[in-house]
Each structure stands twice: as C-alpha cells, then as structure tokens.
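The chain contents come next:
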Amino acid sequence: MLPTVFAATLPEGTVVSNGLTWTRNNSTVGSSGKSNWSAANNTCQALTAGGFSNWRLPVNSELNALDKSLLKSAGWAIDYTWAQTPGNGDGDYHYMKWLGNGGSLVQVSDNANNYVTCVR
C-alpha cells in the first residue's frame with residue numbers, strides 16, 4: 001500500500017500568477033511586512049512555507065508580470081515591494097516595484113524599509 005501524501009498548506013494570501021507562487025507581501029516579514037533589502041533577501045532564502053525551501057525574492061521581470069488583479073482580494077498591501085535585481089548605480093541599491101496598476105520599478109537604498117514577497 002502506498003503512503004498517503006498530504007499537500008502542504010501555504011500561508012494565507014499566497015497567490016499563483018504566471019506559474020509562480022507568491023507569499024503575501026505584508027505578512028512575509030514580521031507583523032509590518034516591511035524590512036530592509038538584506039533582511040528581505042535572508043527571509044526569502046530561509047523560508048520553508050508550504051513545505052518548500054526554494055523561495056527567493058522576485059526579479060524585476062517577475063514583478064512586472066505579476067497579475068495585480070489578484071492582490072487586493074488576497075490581502076496584499078498595494079505598495080512598494082522589494083526585487084532581488086540590483087540597481088545600476090554605485091553602492092547598495094536594489095529595485096522595488098509599486099504593485100498598483102501602472103506601477104513602476106525604482107531603485108532605492110538597501111537601507112529603506114519596503115514590503116517583501118517571496119516567490120518560487
């Protein structure tokens with residue numbers, strides 16, 4: 001007899017868009033959902049949500065392709081969210097994306113506190 005396999009439960013507010021699974025951006029890091037880039041990156045790399053351990057920060061193209069119509073009903077903050085894509089300038093900068101319609105990518109200091117979503 002084969003063992004019974006149970007699907008692992010993903011956190012509340014998780015969405016699936018374009019073949020990727022995303023954690024809700026305002027619950028991934030503590031109660032505020034915001035952190036600096038280093039803490040955001042470390043959180044995603046250490047995440048084991050839903051029994052999966054291959055979570056990471058999204059790259060710019062993934063954030064651009066995210067179906068934003070899913071986010072509000074899933075309880076996401078429609079605000080800036082970190083990307084793993086490094087900025088073009090000198091120093092410690094990474095991109096972040098506004099998750100509203102027509103949202104833009106902007107570079108910001110890694111010391112800023114922004115929302116975090118992890119993807120796999």
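Quantities reported herein were computed from a predicted structural model and do not represent experimental measurements. The residue numbering used here restarts from 1 in each chain and proceeds along that chain's sequence as written. Owing to the predicted nature of the model, reporting of local features is limited to residues with pLDDT of at least 70; listing and counting of side-chain atom pairs is limited to 80 or more, with chain, interface and lining totals taken over all residues. Excluded from the side-chain calculation are hydrogens and water; included are all heavy atoms of the structure.

Draft legend 1. Molecular detail of the overall build of the protein chain. Broken down by element type, the protein chain carries two helices and seven strands. For 120 residues, the compact-globule formula gives about 14 Å, and the C-alpha radius of gyration of the protein chain, at 15 Å, lands near that figure. In terms of overall dimensions, the protein chain has C-alpha extents of about 60 × 30 × 25 Å along its principal axes. Considering only contacts within the protein chain whose residues lie at least 6 apart along the sequence, 62% involve residues at least 24 apart. For the area figures, the Shrake-Rupley method with a 1.4 Å probe applies, and any residue is considered shielded solely by the protein chains shown. When the accessible surface of the protein chain is summed, it comes to about 6,500 Å², and 49% of that surface belongs to carbon and sulfur atoms. In summary, the charge assignment counts Lys and Arg as positive and Asp and Glu as negative, without counting His or the chain termini. Every charge is mapped onto a representative atom, which is NZ of Lys, CZ of Arg, CG of Asp or CD of Glu. Considering the protein chain, the positive charge centre built from 7 side chains and the negative charge centre built from 7 side chains are found 9 Å apart. Helix and strand assignments follow DSSP, with helices taken as H or I runs no shorter than four residues and strands as E runs no shorter than two, numbered in order from the N terminus. In this description the radius of gyration comes from C-alpha coordinates, and the expected globular size is given by 2.2 Å times residues to the power 0.38. Pairs of residues are marked as contacts when any of their non-hydrogen atoms sit within 4.5 Å.

Draft legend 2. Summary view of the environment of Leu10. For Leu10, the location among the structural elements is in the segment before strand E1 (15-17). Leave out the neighbours within four places in its chain, and Leu10 touches Thr21, Ala49, Gly50, Phe52 and Trp55.

Draft legend 3. Spatial organisation of the state of the cysteines. Criterion for a disulfide: a pair of cysteine sulfur atoms within 2.5 Å. Considering all chains together, one arrives at one disulfide under this definition. What pairs with Cys44 in a disulfide is Cys118, and their sulfur atoms sit 2.0 Å apart. Looking along the S-S bond of the Cys44-Cys118 disulfide, the torsion reads about -85°, which is the left-handed sense. Of this pair, Cys44 sits in helix H1 (residues 37-46) while Cys118 sits in the segment after strand E7 (114-115); the two residues are 74 residues apart in sequence, bridging distant segments of the chain. Here Cys118 falls in the buried class, since its relative accessible area comes to 0%. Residue exposure (1.4 Å probe, protein chains only): buried if accessible area is under 20% of the type maximum, exposed if over 50%, otherwise partly exposed.

Draft legend 4. Spotlight on the pattern of salt bridges. By salt bridge we mean one thing: a side-chain nitrogen of Lys or Arg within 4 Å of a carboxyl oxygen of Asp or Glu. What the rule picks out here adds up to one salt bridge. For Arg56, the salt bridge identified is with Glu62, shortest N-O distance 2.7 Å. Accessibility expressed as a relative area gives 16% for Glu62, which makes it buried.

Draft legend 5. The nonpolar core, seen in detail. Side-chain atoms within 4.5 Å are what join buried Ala, Val, Leu, Ile, Met, Phe, Trp, Tyr and Cys residues into a set we call a nonpolar core. By size, the foremost hydrophobic cluster in this structure holds 13 residues, and its most contacted members are Leu57, Trp82, Val116 and Cys118. Grouped together as the second largest cluster of nonpolar side chains are 12 residues, Trp76, Ala83, Leu99 and Val119 included.

Draft legend 6. Just unusual backbone geometry, in detail. A positive phi is found at Asn18, a non-glycine position, where the angle reads about 55°. Its location among the elements puts Asn18 in the loop between E1 and strand E2 (20-22). Owing to a relative accessible area of 60%, Asn18 belongs among the exposed residues under this scheme.

Draft legend 7. Broad picture of the pairing of strand E5 (residues 93-98). Should DSSP find at least two bridges between two strands, the strands are regarded as paired. The pairing of strand E4 (residues 80-86) with E5 spans four bridges and is antiparallel. Considered in E5, the bridge of Tyr80 is made with Trp98. If you look at the hairpin formed by E4 and E5, you'll find six residues sitting between the two strands, and Gly91 has a positive phi there, around 90°. Where E5 lies against strand E6 (residues 105-109), five bridges are found, and the strand directions are antiparallel. Paired with Tyr93 across the two strands is Ser109, which belongs to E6. Where E5 folds back on E6, the antiparallel hairpin that results is connected by six residues, among which Gly102 adopts a positive phi of roughly 70°.

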